[in-house]
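Examining the three-dimensional arrangement
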Amino acid sequence: MKLSNIPFGVTDWAAIEPSRHEGERGHALWRTCHSGDIRVRMVEYSAGYLADHWCLKGHILLCLDGELHTELADGGRVTLQPGMSYQVADDTLGHRSSTDTGARLFVID
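Residues numbered from 1 in each chain as written. Predicted model: local features only at pLDDT ≥ 70, side-chain atom pairs only at ≥ 80, totals over all residues. Heavy atoms only, no water.

Once that is clear, we can look at the packing of aromatic side chains. Summed over the entire model, instances satisfying the criterion amount to two aromatic pairs. Judged by centre distance (6.0 Å) and plane angle (85 degrees), the rings of Trp13 and Phe106 are edge-to-face. Remark: Phe106 occurs in strand β9 (residues 103–108) and Trp13 occurs in the segment before β1 (19–22); sequence separation between them is 93 residues. Overall, the relative accessible area of 17% leaves Trp13 in the buried class. Of the residues examined, Phe106 reaches a relative accessible area of 26% and is grouped as partly exposed. Judged by centre distance (4.2 Å) and plane angle (15 degrees), the rings of Tyr45 and Tyr49 are stacked. Per residue, the accessibility class of Tyr45 equals that of Tyr49, and both read buried. (Phe/Tyr/Trp six-rings, centres within 6.5 Å; stacked < 30°, edge-to-face > 60°. Helix = DSSP H or I, 4+ residues; strand = E, 2+ residues; numbered from the N terminus. Buried < 20%, exposed > 50% of the residue type's maximum accessible area, 1.4 Å probe, protein only.)

Written as structure tokens, this is what we have:
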């Protein structure tokens, strides 16, 4: 990732209107801002959330609150708790998220 042509800025996440994204179960609320080709999001998953698709997009993801389970296309599974992160490149390894209790994430992609 090359970060270029991005002026200094401050983001007040509470001031960004969330967009709702339905999962196979539950929903996600995304607060999104764009800086050039970089998308930065604060994402909140409802309790019981399960993604409705396998994602091939690359992310850098930090778990802020709750617990996030990520199922990997190769059969692996990881669980993130607050302060843990993962990173994956575009078109590298399919993944999909779920949470029993809900989770809040900071995502760069």
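All right, on to the state of the cysteines then. Following the criterion strictly, the structure yields zero disulfides and no others. With no disulfide of its own, Cys55 has Cys63 as its nearest cysteine by sulfur position, at a separation of 17 Å. Residue classification places Cys63 among the buried positions, given a relative accessible area of 1%. (Disulfide = S-S within 2.5 Å.)

Let us now look at the side chain of His69. Mapped onto the fold, His69 is located in strand β5 (residues 68–72). A distance of 3.0 Å separates polar atoms of two side chains, one belonging to His69 and the other to Thr79. Here His69 is in contact with Arg77, Val78, Thr79, Arg96, Ser97, Ser98, Thr99 and Asp100, once residues within four sequence places are set aside. (Polar contact = N/O pair within 3.5 Å; in protein donor to acceptor, adjacent residues only side chain to side chain. Contact = heavy atoms within 4.5 Å.)

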